[in-house]
Amino acid sequence: ADFDLLNGGDKAWGANPYRGLGVAALAAAAAEFALGSVGAGAGAMTASLMGGLGSASLVLATGETVGALVAVNAAGDVIAPGGREFWAAPFEIGDEFGGLGPSPRRAATLPDPKPGALAVEATTLGIVATDAVLDVAALQRLAVAAQAGLARAIVPSHTLTDGDLVFAVSTGRTVGTGGGAAPARRSALGHAAAVCLARAARLGEAAAAVVPPAL
């Protein structure tokens, strides 16, 4: 759910529905799930394209895994102005973005407002997860580092009309081979989290419907 509840629909719930929604989401958790205009990505938009629910992951050389899940509903754009290249192109793995490469264009001005939306209707929510053993302070730093991924994939990002928020969690199952919680290892995890979040933002948009689904 967005921080802004100015979208349409009946809000006369009586009882807060979010706990039940969270329980249902946990019960439906699976190794594979749909991306794009589903769940939190339904009806999501960017400045020029549909947004959506995206996910990406990678395994570090130390054996630890980092993954990201993000619902992109941003005031900014994921593509360069007047082109087809994606801002996240430098972080593409293989041809997952279409292999277009980085854009030669620059974003010196703000994109046009999101179609049919109020200026406050923008929220990008993300979570990064790892099996690395991290304490609460290290997870906070991981979330801070991961925020850079949004700035790499969405331009502009973190605007006054965006309610961007990133969480970080750890299963604590993998110690890794990089020397415990050494600064270099934690920095590598932070970079991986940012890369995954940038890729996830692009892949969520790629899987989105061409036109907004009926809600």
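Use the structure listed above.
For the structure given in this document, a descriptive report is provided here. (Residues numbered from 1 in each chain as written. Predicted model: local features only at pLDDT ≥ 70, side-chain atom pairs only at ≥ 80, totals over all residues. Heavy atoms only, no water.)

1. Topic: the sheet that holds strand β1 (residues 52-59)
Thought 1: Taken together, the 4 strands give an open sheet; going across it, the order is β1-β2-β3-β4, and neighbouring strands pair in mixed fashion. Where the open sheet ends on each side, the last strands, each with one partner, are β1 and β4 (165-174). Direction aside, neighbouring strands of the sheet carry axes that sit 10 degrees apart on average.
Thought 2: Of the pairings in the sheet, the one linking strand β2 (residues 65-72) to strand β3 (residues 125-132) comprises 6 bridges and is antiparallel in character. (Pairing = 2+ DSSP bridges. Helix = DSSP H or I, 4+ residues; strand = E, 2+ residues; numbered from the N terminus. Axes fitted to C-alpha atoms, helices over the stretch in contact; angles between N-to-C directions.)

2. Comments concerning a nonpolar patch on the surface
Thought 1: A grouping of Trp13, Tyr18 and Leu21 is seen on the molecular surface, where their side chains present a nonpolar patch of about 290 Å² in accessible area.
Thought 2: In this fold, Leu21 is placed in helix α1 (residues 18-27). (Patch = residues over 30% accessible without salt bridge, like charges linked within 9 Å, V, L, I, M, F, W, Y side chains within 5 Å. Areas by Shrake-Rupley, 256 points an atom, 1.4 Å probe, with all protein chains shown as cover. Salt bridge = Lys/Arg side-chain N within 4 Å of Asp/Glu carboxyl O.)

3. Quick notes on the environment of Ala148
Thought 1: Looking at where Ala148 falls in the secondary structure, it is placed in helix α2 (residues 136-153).
Thought 2: The class for Ala148 is partly exposed, based on a relative accessible area of 30%.
Thought 3: As for Ala148 and Ala193, which are separated by 45 residues in sequence, their C-alpha atoms are 8.9 Å apart. (Buried < 20%, exposed > 50% of the residue type's maximum accessible area, 1.4 Å probe, protein only.)

4. Side note on the packing of aromatic side chains
Aromatic ring pairs are described here by two measures, namely the spacing of the ring centres and the angle between the planes.
Thought 1: Tallied over the full model, the rule gives 0 aromatic pairs.
Thought 2: Over the ring of Phe86 we find Arg202, and its NZ or CZ is 3.5 Å from the ring centre. (Phe/Tyr/Trp six-rings, centres within 6.5 Å; stacked < 30°, edge-to-face > 60°. Lys NZ or Arg CZ within 6 Å of the ring centre and 35° of its normal.)

5. Focus: the packing of α2 against helix α3 (residues 183-206)
Thought 1: At a closest axis distance of 7 Å, the pairing of α2 and α3 adopts a crossing angle of 40 degrees. In terms of orientation, α2 and α3 fall into the oblique class. Crossing of α2 over α3 shows right-handed handedness. Where α2 approaches α3, its residues Ala137, Ala138, Arg141, Leu142, Ala145, Ala146, Ala148, Gly149, Leu150, Arg152 and Ala153 are matched on the opposing element by Arg186, Leu189, Gly190, His191, Ala193, Ala194, Val195, Leu197, Ala198 and Ala201.
Thought 2: Grouping the amino acids of the contact of α2 with α3 by side-chain chemistry returns 15 nonpolar, 3 polar and 3 charged. (Parallel < 35°, antiparallel > 145°, perpendicular 65-115°, else oblique. Left-handed = near helix turned anticlockwise from the far one by under 90°. Contact = heavy atoms within 4.5 Å. Nonpolar A, V, L, I, M, F, W, Y, C, P; charged D, E, K, R; others polar.)

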